[in-house]
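Structural overview
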Amino acid sequence: MRLIAASLRHYRCHHNLGVDFQAALLTRISGPNESGKSTLVEALHRALFLSAKAGGEVLEQMRSRPASADPEVELVFEARSSRWTLRKRFAGSRGHCSLQDGRGNTWQADEAESQLAELVGNQAVPRKRGAEKKLPERWGHLWVWQGSAGADPLALSAEAYDSERLISQLQARGGLSVQSPLDLRVMEEVHRRWAEIFTATGRSKVGSALSKAKAAQGDAKQRLDDLLARQGEQETLAQRYDDASRELERIAQRSPQLEEELGAIRRRIAEGGQLQTLLSNECQLRDREQEDLRRKQTELEQWQQACRSEQQLAAQLQPGQEAIKTLRDQQGRQRAALERGRAEDMDARQGRDQLDRQLRSLAARRLRHGLQMRLRDSLAQKGRVQTIRDRLVSRRQVLAQLPAISAGDVERLRQLQGDAEAARIRCESLGASIELLASPGTVHLGGTPLLPGQPRQISQPQELLLADHTRLRISPGGGDDLGQAQAQAESSQQRFQQQLERLGVDDPERAATVERQRSDLRAELQSLEEQAGGDRLAVLERKIEAVNRELDALPPSPGGPEQLDRQHPDHRPQGSEPGSQAASLSLEAEESRLQQERKAALERETRAGAALTDAQQALDHTDKSLRAQEEQLSTAERDLAITRDRLGNFRASHGEQPALQQQVGSLSQSLQARTEAVDARQKELQELDLQGLQQRNKSLQDEQRKLGADRDTALCDQAEAAAGLHVDGRVDLNLERDQREAELEQCNDEEQRLQDEADMLTLLRDLLEQERNALAEQYTAPLTEAMQAYLQCIFPDSDQPVLEYDANTGFHGLKWQRDGGTAWQFAELSGGTREQVAAALRLAMAEVLASAYEGCLPVVFDDAFVNADFARRQTVELMLQRACEQGLQIIQLSCNTINSTDKSTASSNLIELG
């Protein structure tokens with residue numbers, strides 16, 4: 001199937017558009033964004049796959065804005081060795097479809113839709129809600145919509161990529177055998193019998209024989225379990241009665257022992273309480289004495305610290321006073337150095353400022369000099385352009401005076417001359433020639449004397465009169481052909497003369513000479529026009545005016561170069577040449593000298609500034625050190641006064657240091673005796689282990705409470721077990737147990753028989769499915785081989801792509817392995833590579849399916865390779881070229897003009913929109 005041409009009317013932005021795909025297998029449709037490229041391919045797709053009576057939102061999307069008429073699409077295509085014309089008018093219930101073949105047969109309405117569906121292999125999308133979602137899937141493997149180039153084609157539904165027809169073509173390509181009718185009937189019978197037993201998920205079906213057997217087996221097992229439970233309950237009750245009796249005996253033995261042990265522990269706990277009271281009193285006395293000792297020790301330490309501080313502060317005063325005197329002398333010297341540095345820095349700044357003013361003045365002079373040179377060059381260019389224009393006018397006048405003769409006129413004139421000469425020669429060949437060699441008298445031919453040595457041509461019968469009055473009739477041998485040749489010769493000569501007169505020349509050589517002159521003049525005129533440059537004179541005048549304005553805006557330059565004549569660049573003051581190289585070199589030399597002097601001045605300024613900064617930093621450091629030293633001295637004097645005040649207060653409050661030391665010794669001895677008494681009490685309590693006694697007391701009380709609860713529980717269990725044993729025991733449970741076990745064994749045998757039969761069907765079904773899948777896996781070989789051929793256009797070292805096939809789910813699991821490495825899943829590839837791998841798969845599928853469509857199918861790529869770099873775009877062209885060589889029709893849409901006009905693919909057709 002191949003698309004030939006299409007016409008769109010009132011379809012979105014296309015009010016009347018016609019495209020011709022011609023005979024080329026590759027059609028490129030290019031245009032800027034919003035030019036309607038995607039709208040065009042959407043209209044082609046909907047003409048093939050959307051019912052003409054579709055309405056709702058789908059119809060509204062196709063209408064032009066503002067809506068003026070119903071959308072119409074006409075599509076001409078080749079299919080089944082015939083040329084078909086499809087016309088669709090989309091108008092909801094008023095929509096209409098017509099289809100006509102090359103033999104004049106016509107189908108209308110639903111018959112046309114059915115015939116079209118048979119040609120394209122897909123039914124039209126019905127006119128109901130949700131049509132816009134199903135539409136893009138029709139021929140989804142051949143129609144790459146904008147933005148979907150990187151999607152996996154195998155993710156489409158099997159209906160979208162014509163799965164059944166694809167498998168059929170792959171089966172035909174691979175030479176695979178088809179299963180026999182007997183094989184199919186056996187497989188159907190196995191599936192039918194398996195479906196009677198199992199659900200689709202593999203579970204037993206409700207109501208099947210196996211399900212009933214399992215239910216009967218479960219009921220028998222439940223009855224047996226109930227009986228065993230009853231037997232177990234009797235044994236349990238007997239065991240509970242015996243256990244309760246033994247528990248009551250144990251409780252009766254243990255209770256007196258607990259009472260005796262609890263009494264002994266309670267007496268020892270009371271003794272521990274008395275010891276704890278005595279220990280607490282001793283600890284309080286020890287803590288008070290310890291606090292008194294700590295306070296006295298603190299007072300003694302403070303006394304000793306104050307004495308040491310007084311000695312240290314007194315020793316620090318004299319060095320601090322000497323350091324302050326040294327710093328003040330250094331401060332005076334540094335202030336004098338700072339003033340000298342400021343004076344040197346000011347001198348350096350003034351020198352540098354003066355050089356800056358000189359450099360600015362020199363820059364103004366150089367600017368004026370440059371503008372004057374630009375003005376002189378522009379004026380010279382203006383003069384040259386004016387000279388070229390004058391010459392252009394004169395050459396045009398010369399060209400106008402020459403006859404208007406072209407190379408074709410010369411060729412025509414030479415042809416007419418050749419025709420006339422050929423006709424003349426033919427007349428001479430058909431006519432007769434007579435020549436007088438010698439005669440004693442005059443000889444007349446047709447009444448005219450015939451002179452010796454001058455041959456005469458005879459084209460018609462004439463009379464020859466000799467000197468002795470002998471008369472002869474001479475006739476040429478051409479007959480009627482001679483007359484025709486003469487007429488043709490006269491006509492050719494007349495046309496030749498008319499052409500000479502029309503051209504105004506005497507002969508063809510003159511015409512050729514005039515034509516050469518005109519050609520040379522036109523070439524010269526073209527060269528002069530290029531040199532004149534159209535508006536070049538106006539541009540030069542604007543440049544001259546701009547330079548003059550800049551010169552006028554400059555301040556006057558007294559003592560500088562004299563000004564240039566603004567209109568005549570060659571008119572200069574005598575001995576002056578403002579645009580000369582010497583002036584430029586002089587200005588550059590002066591600027592270089594000033595720059596060097598400024599650099600030296602800047603270095604002096606930098607050194608003076610650095611010295612000034614160093615002097616200022618040194619003075620600041622000295623000032624800071626002096627202030628810090630003065631603060632330290634002041635702080636030391638203040639601390640010394642405070643320390644002496646504290647010493648006086650200590651003497652007034654606590655006396656002298658020896659008395660305080662004696663008090664500390666007495667308190668230390670008393671505290672030691674008190675500590676030994678506390679240690680003795682703690683040792684007694686430790687040996688008593690009061691905490692362990694309390695824990696043991698609590699444990700025994702818990703055990704006593706538990707014995708009471710256990711006695712109550714044992715009495716209840718004993719009573720309940722006795723009551724249960726008296727009620728039951730009237731049926732022979734062992735006999736009933738034998739009956740239930742026999743019944744269960746019979747149900748197990750029946751369930752096992754049915755299960756074995758079901759397992760056999762399952763195994764047979766799995767084997768048949770495996771054989772079918774093993775046969776179906778061979779379908780992927782032709783498809784992957786075709787796909788690899790396309791991928792090698794882009795990736796020459798590409799490995800074999802991988803596809804998987806399942807009889808139930810179809811093709812899936814697209815992978816691509818490169819350079820012998822890991823086979824990457826399609827979703828793991830980069831955006832550009834996904835586009836190219838997906839395109840290769842689509843082309844391979846189209847190539848396989850083309851056999852079912854007379855060797856050709858259209859494949860549409862709408863902005864499909866936007867993520868490809870420049871190098872990959874070139875190899876993509878090779879892939880598209882291979883598709884055309886395989887007979888596929890490629891329609892590529894792109895807003896990239898370079899890509900759309902690539903000439904690397906032969907027989908391409910270019911359609912430009914917008």
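Computed from a prediction, not measured in an experiment: that's the story for all the values here.

Details of the overall build of the protein
Within the protein, the regular secondary structure consists of 19 helices and 20 strands. Residues counted as buried form 37% of the 914 residues belonging to the protein. A separation of at least 24 residues holds for 72% of the contacts in the protein among residues at least 6 apart in sequence. Taken as a whole, the protein presents about 52,400 Å² of accessible surface, with 48% of it coming from carbon and sulfur.

Quick word on the packing of helix α8 (residues 407–430) against helix α10 (residues 508–532)
The contact between α8 and α10 brings their axes to 9 Å, and the two run at 170°. As summarised for this structure, α8 and α10 are arranged roughly antiparallel, according to the angle between their axes. Of α10, the residues touching α8 (which contributes Ala407, Val410, Leu413, Arg414 and Gln417) are Pro508, Glu509, Ala511, Ala512 and Glu515. Here the residues of the contact of α8 with α10 sort into six nonpolar, one polar and three charged.

As for the nonpolar core
In this structure, Met1, Phe77, Trp139, Phe861, Met879 and Ile890 are the most contacted members of the largest nonpolar core, which totals 94 residues. Ignoring any residue separated from it by four or fewer positions in sequence, one finds Ile890 in contact with Leu25, Leu26, Thr27, Leu843, Val859, Phe861, Leu880, Ala883 and Cys884. One finds Val410, Leu503, Val505 and Leu528 within the second-largest nonpolar core, a separate group that totals 19 residues.

A few points about the pattern of salt bridges
Counted by the stated rule, this structure contains 46 salt bridges. A salt bridge links Arg63 to Glu60, with the nearest nitrogen and oxygen atoms 3.6 Å apart. By relative accessible area, Arg63 is classed as buried at 15%. Given a relative accessible area of 40%, Glu60 falls into the partly exposed group. Put simply, Asp345, Arg349, Arg352, Asp353, Asp356, Arg598 and Glu605 are held in one network by salt bridges that share partners.

Observations regarding the side chain of Thr27
Checked against the element boundaries, Thr27 lands in strand β3 (residues 26–30). Residues contacting Thr27, with those up to four places away along its chain left out, are Phe21, Ile890, Ile891, Gln892, Asn909 and Ile911.

Considering the sheet that holds strand β2 (residues 14–20)
Strand order in this open sheet of six strands is β2-β1-β4-β5-β6-β7, and the pairing throughout is antiparallel. One side of each edge strand has no neighbouring strand; the edge strands of this open sheet are β2 and β7 (106–108). When strand polarity is set aside, the average angle formed by the axes of neighbouring strands in this sheet is 10°. As defined by bridge partners, strand β5 (residues 82–89) adjoins strand β6 (residues 96–100) across five bridges and the pair is classed as antiparallel. Across the sheet, Thr85 pairs through a bridge with Gln100, a residue of β6.

Notes on the UniProt feature "coiled-coil region" (unreviewed entry) in the protein
This chain's UniProt record puts "coiled-coil region" (unreviewed entry) on residues 234–261, 286–313 and 683–778. Counting secondary structure, residues 234–261 comes out at 100% helix and 0% strand; the distance between its end C-alpha atoms is 41 Å. For residues 286–313, the end-to-end C-alpha separation is 40 Å, with 100% helix and 0% strand making up the annotated structure.

A few points about a positive patch on the surface
On the surface, Arg374, Arg384, Arg536 and Lys543 cluster together to form a positively charged patch. If you list the elements that add at least two residues to the positive patch, you get α7 (209–401) and α11 (536–553). Within the secondary structure layout, Arg536 lies in helix α11.

Remarks on the environment of Tyr241
With respect to the helices and strands, the residue Tyr241 is situated in helix α7. In the structure, Tyr241 is positioned 479 residues away from Glu720 in sequence and 8.2 Å away in space, judged by C-alpha atoms.

A short note on the packing of aromatic side chains
Aromatic ring pairs are reported here in terms of the distance separating the ring centres and the angle at which the planes meet. With the rule as written, the count across this model stands at five aromatic pairs. On the numbers, 5.2 Å between centres and 65° between planes, the contact of Phe49 with Trp139 is edge-to-face. Placement of the pair is Phe49 in helix α1 (residues 37–49) and Trp139 in the loop between α4 (131–134) and β8 (143–144), with a sequence separation of 90 residues. Judged on exposure class, the residue Phe49 and its partner Trp139 are both buried.

With respect to the side chain of Gln115
Take Gln115: it is sitting in helix α3 (residues 109–120). Sequence-distant contacts of Gln115, defined by excluding residues within four places in its chain, comprise Arg80, Trp84, Leu99 and Trp107.

Topic: the pairing of β3
Looking along a regular strand, one sees side chains alternate from face to face of the sheet. Burial analysis of β3 places five of its five residues in the buried class, the great majority of the element. On β3, burial covers both faces: Leu26, Arg28 and Ser30 on one face and Thr27 and Ile29 on the other are all buried. Across five bridges, β3 lies against strand β19 (residues 889–894) in parallel orientation. In the strand pairing of β19, Ile29 is matched with Leu893. Alignment of β3 against strand β20 (residues 908–912), held across five bridges, turns out to be parallel. Looking across to β20, one finds that Leu26 is bridged to Ser908.

Some words on helix α17 (residues 831–849)
For α17, built from 19 residues, the straight-helix expectation of 27 Å at 1.5 Å per residue is met to within 8% by its first-to-last C-alpha distance of 27 Å. Of all 19 residues in α17, 17 are buried, a share of seventy percent or more.

Here's the deal with unusual backbone geometry
One non-glycine residue, His10, lies in positive phi territory at about 60°. Positive phi outside glycine occurs at Ser81, with the angle close to 60°. If you trace the backbone, Ser81 turns up in the loop between β4 (72–79) and β5.

Digging into the sheet that holds strand β14 (residues 471–474)
Read across the sheet, four strands follow the order β11-β10-β13-β14 without closing on themselves; strand pairing throughout is antiparallel. With partners counted over all chains shown, the strands left at the sheet margins are β11 (448–449) and β14, one partner each. As defined by bridge partners, strand β10 (residues 444–445) adjoins strand β13 (residues 462–465) across two bridges and the pair is classed as antiparallel. Residue pairing for β13: His444 is matched across the bridge by Leu465.

Reading the values: rules and limits
The written sequence of each chain sets the order in which its residues are numbered from 1. Reporting of local features is limited, given that this is a predicted model, to residues whose pLDDT is at least 70; pairs of side-chain atoms are given and counted only at 80 or more, and all residues count toward the totals for whole chains, interfaces and linings. For side-chain calculations, the full set of non-hydrogen atoms in the structure is used, while hydrogens and water are omitted. The helix and strand labels rest on DSSP assignments: H or I over at least four residues marks a helix, E over at least two residues marks a strand, and numbering proceeds from the N terminus. Remark: exposure states derive from per-residue accessible area (1.4 Å probe, protein chains only) relative to the maximum for the residue type, with buried under 20%, exposed over 50%, and partly exposed in between. By definition in these notes, contact holds between two residues if any of their heavy atoms fall within 4.5 Å. Where accessible areas are quoted, they stem from the Shrake-Rupley method and a 1.4 Å probe; at the residue level, only the protein chains shown are allowed to cover. Angles shown run from 0 to 180 degrees and are taken between the N-to-C directions of axes, each axis being a line fitted to C-alpha atoms and, for helices, limited to the stretch in contact. When describing relative orientation, an angle under 35 degrees is termed roughly parallel and one over 145 degrees roughly antiparallel, while 65 to 115 degrees is termed roughly perpendicular and anything else oblique. Residues were grouped as follows: Ala, Val, Leu, Ile, Met, Phe, Trp, Tyr, Cys and Pro as nonpolar; Asp, Glu, Lys and Arg as charged; and all remaining residues, including Gly, as polar. Residues belong to a common nonpolar core when they are buried Ala, Val, Leu, Ile, Met, Phe, Trp, Tyr or Cys residues joined through side-chain atoms within 4.5 Å. Throughout this description, the term salt bridge denotes a Lys or Arg side-chain nitrogen within 4 Å of a carboxyl oxygen of Asp or Glu. Two strands make a pair as long as DSSP finds a minimum of two bridges between them. UniProt positions are given in the numbering used here, feature names are shortened, and annotations may be inferred rather than shown by experiment. What goes into a patch is any residue over 30% in relative accessible area without a salt bridge, connected to like charges within 9 Å or, for nonpolar side chains (Val, Leu, Ile, Met, Phe, Trp, Tyr), within 5 Å. By the counting rule applied here, Lys and Arg register as positive and Asp and Glu as negative, while His and the ends of each chain are not counted. For charged residues, the charge sits on one atom: NZ in Lys, CZ in Arg, CG in Asp, CD in Glu. Only Phe, Tyr and Trp rings take part, Trp by its six-membered ring, and two of them pair if their centres are within 6.5 Å. Stacked means planes under 30 degrees apart, edge-to-face means over 60, and tilted covers everything else. A helix is expected to reach a length of 1.5 Å times the quantity of its residues less one.

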